[in-house]
Structures are given as C-alpha cells and as structure tokens.
Amino acid sequence: MRKPLIAGNWKMYKTINEATKLVGGLKKELVDFNGVDIILLPAFTALYYVFQAIADSNIQLGAQNLHWEKEGAFTGEISPIMLKDCGCEYVIVGHSERRKYFGETDEVVNKKTKTALNVGLMPIVCIGETLEEREADKTMGVIEAQLSGAFKDFTADEIQGIVVAYEPVWAIGTGKNATPDQAQEVHKFIRGWISSHFSGEIAQELRILYGGSVKPNNIKELMQEQDIDGALVGGASLDVLSFSQIVKGAIAEKK
Ligand code: 13P
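Residues numbered from 1 in each chain as written. Predicted model: local features only at pLDDT ≥ 70, side-chain atom pairs only at ≥ 80, totals over all residues. Heavy atoms only, no water.

A separate point is the site of the ligand. In the vicinity of the ligand, the residues found are Asn9, Lys11, His95, Glu167, Ala171, Ile172, Gly173, Gly212, Ser213, Leu232, Gly234 and Gly235. At 2.8 Å from an oxygen atom of the ligand is found a side-chain nitrogen or oxygen belonging to lysine 11. Between the ligand and the protein, one listed contact pairs an oxygen atom with a side-chain N or O atom of glutamate 167 at 2.9 Å. Taken by itself the ligand offers 310 Å² of open surface, and the protein chains cover 96% of this. Each residue belonging to the shell around the ligand can be placed in one class, and the counts come to three nonpolar, seven polar and two charged. (Near = heavy atom within 4 Å. Polar contact = N/O pair within 3.5 Å; in protein donor to acceptor, adjacent residues only side chain to side chain. Areas by Shrake-Rupley, 256 points an atom, 1.4 Å probe, with all protein chains shown as cover. Nonpolar A, V, L, I, M, F, W, Y, C, P; charged D, E, K, R; others polar.)

Here we come to the sheet that holds strand S6 (residues 163-166). If you walk around this closed barrel you meet the eight strands as S1-S2-S3-S4-S5-S6-S7-S8, and the pairing is parallel. Averaged over all pairs of adjacent strands, the angle between strand axes in this sheet comes to 25°, irrespective of strand direction. Bridge analysis of strand S2 (residues 37-41) against strand S3 (residues 59-63) gives three bridges, and the strand direction is parallel. Paired with isoleucine 39 across the two strands is glutamine 60, which belongs to S3. Lying on the sheet, helix H5 (residues 106-119) is in contact with strand S4 (90-93) and strand S5 (122-127); it crosses S5 at an angle near 160°. Across the sheet, helix H7 (residues 139-150) is in contact with S5 and S6; its angle to S5 comes to roughly 150°. (Pairing = 2+ DSSP bridges. Helix = DSSP H or I, 4+ residues; strand = E, 2+ residues; numbered from the N terminus. Axes fitted to C-alpha atoms, helices over the stretch in contact; angles between N-to-C directions. Contact = heavy atoms within 4.5 Å.)

Next up, the structure:
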C-alpha cells in the first residue's frame, strides 16, 4: 500500500512572516492527521523558519530546487548540503517552470536528481507535456523521453523511494485540471515504464503525484484512480483552509 502524499509548492510566494503564519494554521488543522504524508516546499528564504515552525509536527520540509554540485563558485545557487542544513528532506527537480524559464534540460534534471540522492534528499521529479504536445498526440512520447532523461544510468537501488510528479503544463495555474481519466492514463504509463526499466516491485512502491490546478473540490476523484498517489499543489497550498481540505480529501477509496 502506497501512503498518500500531498506536497505544497509555494513557488515564489510567502515572506518569512507569512510563511510561519501559514504553518501555524496548518498545524492546527492537521494535528494528529497521520493518514497522509504532508510536505511543504517554501521559498529558500523561509526554509529554516518553516523547519522550526514544523518541529514536532506531522509536516515535513522540502525545497523547490537545488544545484547539482555540493559546493563551489556558483553565484546565486543553493547547494543540496545547505538544503539539508535547513532541515529539508525532499526537493523538487525539473519543475516545468524551471524547464521553461531557466532552461533546465533532462540532462540537468538527471544530474540534480543524482546529487539529491547522494546527499540524502528525496527528489520529487516533475514531468509533463505542453498543450501543443497533447494536441499533437505526443503526450506519451514526451513523458517517455523525460523519464529516460531523468533516470539515465540509474540503478534499481537509486530509484527506490523516489517520487515522480506528473504535471501537465497546460493544467498548471490555469484552473483547468486534467480529468481523473487523463491523469490516470499517464500515471499508469509512468508506472509501466518504471516496471519495465527497473522492476515490478519498485514500480508498485513508486509514488506518483498529480499536479495542475488541484483544489479541494477535485482531490477526491483524482485520488480514486488506481495510480494517483497524491498531489503536488501550487495555488491552493497558499491558504490554510484549501490546503488542509486537500490533505484531508486525499484519503479516498480506490476505484
Ligand atoms: P497549481 O496548483 O497552481 O496549478 O500549480 C501546480 C504546480 O505547478 C505544482 O508544482
């Protein structure tokens, strides 16, 4: 049984003060709620404050990006060791916004994912097609290329415990989420790919999150799908009520 996982990607929102307030509210709403793994992914500047605020709670911390080197002359970058130092256990790799605005390629995603694992950070590897690609019937080809790129030269041991997030680019921040059927089709494909490249057992344990306009009113039907194990939430994770409703809604009977 894969434990549901709900992660809140705060993107470039929340000052330290706003972040600690949000955590305070979430802790109250979600106290003793242990059926779902809950991860917050604040901006770098708020990481350590959020780490302190979630101490002794059921909430875990992650970052939105990392550099692939552990240290060096890389002005403006953040090392994975520094993220661990701030209390992070997870890190997002290859978000579509990083691919689109900052030129991250599958090769970069591969290097970052390897480094994250080397230092003991659990990567949440993001993949997903654009609207143009979906309309041209290229979705599975794009997903396959992103998986092969991200996990190039990975061993079965390395892939174990990793999290994959399927985020169709056309559904991010648009209010237009993929239907549960559309998401399930891609999630099933991802699990099948992992099964054929690593093992059936690893594929069965792999948690695959859906991301793209997840809200309290669509989480339940998404979670009913066999291969949807949780969500990577953007906009709706910035508010105590909507994020805690999503976390609570993540426990659903599978179809
Ligand atoms: P929205 O939930 O705002 O669509 O963002 C999704 C996302 O990009 C999470 O990483």
